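# Residue-level structural notes
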Amino acid sequence: MSKKPAKDSVTTASIEEQTAAFLKAGGAVHYVVKGKSGQIAPAGPKPVIPKPVTPKPVTPKDD
């Protein structure tokens, strides 16, 4: 059996180091108010697209 590769672990210390490096390089952090997603909402309601209707074949009637 082969050994599974070790997973990268994310620690608080590594996150703090990455954040410090980001800020030192000129990056900026924008805070979002609690309860907001930060996503821009679409301008209007979601459009409703009707399903296509397949026509039924017409058969001639026998007299």
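The rules behind the values
- Residues numbered from 1 in each chain as written.
- Predicted model: local features only at pLDDT ≥ 70, side-chain atom pairs only at ≥ 80, totals over all residues.
- Heavy atoms only, no water.
- Helix = DSSP H or I, 4+ residues; strand = E, 2+ residues; numbered from the N terminus.
- Buried < 20%, exposed > 50% of the residue type's maximum accessible area, 1.4 Å probe, protein only.
- Areas by Shrake-Rupley, 256 points an atom, 1.4 Å probe, with all protein chains shown as cover.
- Expected span 1.5 Å × (residues − 1).
- Patch = residues over 30% accessible without salt bridge, like charges linked within 9 Å, V, L, I, M, F, W, Y side chains within 5 Å.
- Salt bridge = Lys/Arg side-chain N within 4 Å of Asp/Glu carboxyl O.

Right, let's talk about the overall build of the chain for a bit. If you tally the helices and strands in the chain, you get one helix and zero strands. Counting every position in the chain, which comprises 63 residues, the buried fraction comes to 2%. Carbon and sulfur atoms form 61% of the exposed surface of the chain, whose accessible area is close to 7,500 Å².

With that settled, consider helix H1 (residues 12–24). The end-to-end C-alpha distance of H1, which contains 13 residues, comes to 18 Å, matching closely the 18 Å that a straight helix rising 1.5 Å per residue would cover. Backbone geometry just downstream of H1 places Gly26 in the positive-phi region, at approximately 105°.

Turning our eyes to something else, we now look at a nonpolar patch on the surface. A cluster of nonpolar side chains, contributed by Phe22, Leu23, Val29 and Tyr31, occupies part of the molecular surface with about 460 Å² of accessible area. Position of Phe22 relative to the elements: it lies in helix H1. Given the relative accessible area of 43%, Phe22 is considered partly exposed.

Shape is all these values report; function is a separate question.
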